[in-house]
Amino acid sequence: MPNFIQNVSPDNAAVGKAAAEEIVALAERTAANTGTFTIALSGGSTPKLAYSLMASEPLVKRMPWKQTKIFFGDERHVKTDSPDSNLRMATEAMLSSAPIPKENVFPISTDGTVEACADKFDKVLRAQFTQPSYGFPVFDLILLGIGPDGHTASLFPGTPAPLEVVKWTTTCDPNSFNPAVKPAVKRITITSPVIWNAKNIFVLATGAEKTPMLAKIFSETEPTDPPVSRLVRKCSGVVTFFLDKAAAGK
Ligand code: 6PG
């Protein structure tokens, strides 16, 4: 039985506020207990508001920025100034204004081949997570979104990426299976076991278009066409879904 919590808010703005407040509260507790807080950000559009609220009054003063290490769950294989870059989105929404030491932010490098970038990402994670559990890093929090095709992080359906359960990082070419995926670029991503190993997972999803995928994640019986994001049912930590009423089908 998965350890799921649903936090349903009236609309997208309220989801951003609820998620930002819970991220900061978790960061405060974790940093007070262990001295650090490790978080992997998700890309896409849904988390933008939460990121900007974390870097604004009143949350910006509560967030333990100096004890926080910020990673990325995935990145598009684009230049850092590309409008498709998750680093650029997080920088514009939060990192450019939050008082976080530069050395506490660990972007996924997109210089070189996508394979080389995944290897570099692996080395960065191994340098930071020096006491793996069950052979994988233990993030305090991983943020995830859900794509319209049911992907999460950059583990896209029809590709080998969701099936990688040995490496910490991998690459994904979503358009090799679905030419319609946008942006049509290769990605670098954490793997399923890294997600399964996290202490906490926050899934942010809004809008009615996410309802069908969420229903297939919540279904106790295995759907005939399970979305990749149903992998969160194997998480050892607590999975909190921050949804608006539309996504929750309410
Ligand atoms: C990415 C994200 C991806 C995202 C989903 C949902 O790099 O695109 O990591 O997994 O979370 O596609 O995106 P939205 O929040 O824009 O719906």
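The structure contained in this document is the topic of the report that follows. No experiment lies behind these values; they were computed from the predicted model shown.

**So, the side chain of Asn 200**
- Topologically, Asn 200 is positioned in strand 8 (residues 200-205).
- Engagement of the side chain of Asn 200 in a polar contact is seen with the backbone oxygen of Asp 140, the distance being 3.0 Å.
- Not counting chain neighbours up to four residues away, the residues in contact with Asn 200 comprise Leu 26, Phe 139, Asp 140, Leu 141, Ile 142 and Val 238.

**Here we look at the site of the ligand**
- The local shell around the ligand holds 13 residues, among which Ser 45, Thr 46, Arg 76, Ala 153 and Lys 210 are the closest.
- One of the side-chain N or O atoms of Asp 74 is found 2.8 Å from an oxygen atom in the ligand.
- Within the side chain of Lys 210, one N or O atom sits 2.6 Å away from an oxygen atom of the ligand.
- Contact with the protein chains hides 88% of the accessible area of the ligand, taken as 410 Å² for the molecule alone.
- Looking at the shell around the ligand residue by residue, the class counts come to two nonpolar, eight polar and three charged.

**Examining the sheet that holds strand 8**
- Strand order in the open sheet formed by six strands is 1-9-8-5-2-3, with parallel pairing between adjacent strands. The open sheet has two free edges, formed respectively by strand 1 (4-9) and strand 3 (68-72), since each of these has just one partner strand. The average angle at which neighbouring strand axes cross in this sheet is 20°, direction not considered.
- As paired elements, strand 8 and strand 9 (residues 238-244) share six bridges and run parallel to each other. Residue Ala 205 lies in a different strand from strand 9, and its bridge partner there is Leu 243.
- Strands in contact with helix 1 (residues 12-34) are strand 1, strand 2 (37-41), strand 5 (141-144), strand 8 and strand 9; relative to strand 9, the strand with the most contacts, it is inclined by about 155°.

Cut-off values and rules
- Residues numbered from 1 in each chain as written.
- Predicted model: local features only at pLDDT ≥ 70, side-chain atom pairs only at ≥ 80, totals over all residues.
- Heavy atoms only, no water.
- Helix = DSSP H or I, 4+ residues; strand = E, 2+ residues; numbered from the N terminus.
- Polar contact = N/O pair within 3.5 Å; in protein donor to acceptor, adjacent residues only side chain to side chain.
- Contact = heavy atoms within 4.5 Å.
- Near = heavy atom within 4 Å.
- Areas by Shrake-Rupley, 256 points an atom, 1.4 Å probe, with all protein chains shown as cover.
- Nonpolar A, V, L, I, M, F, W, Y, C, P; charged D, E, K, R; others polar.
- Pairing = 2+ DSSP bridges.
- Axes fitted to C-alpha atoms, helices over the stretch in contact; angles between N-to-C directions.

Just geometry here; none of it tells us what the structure is for.
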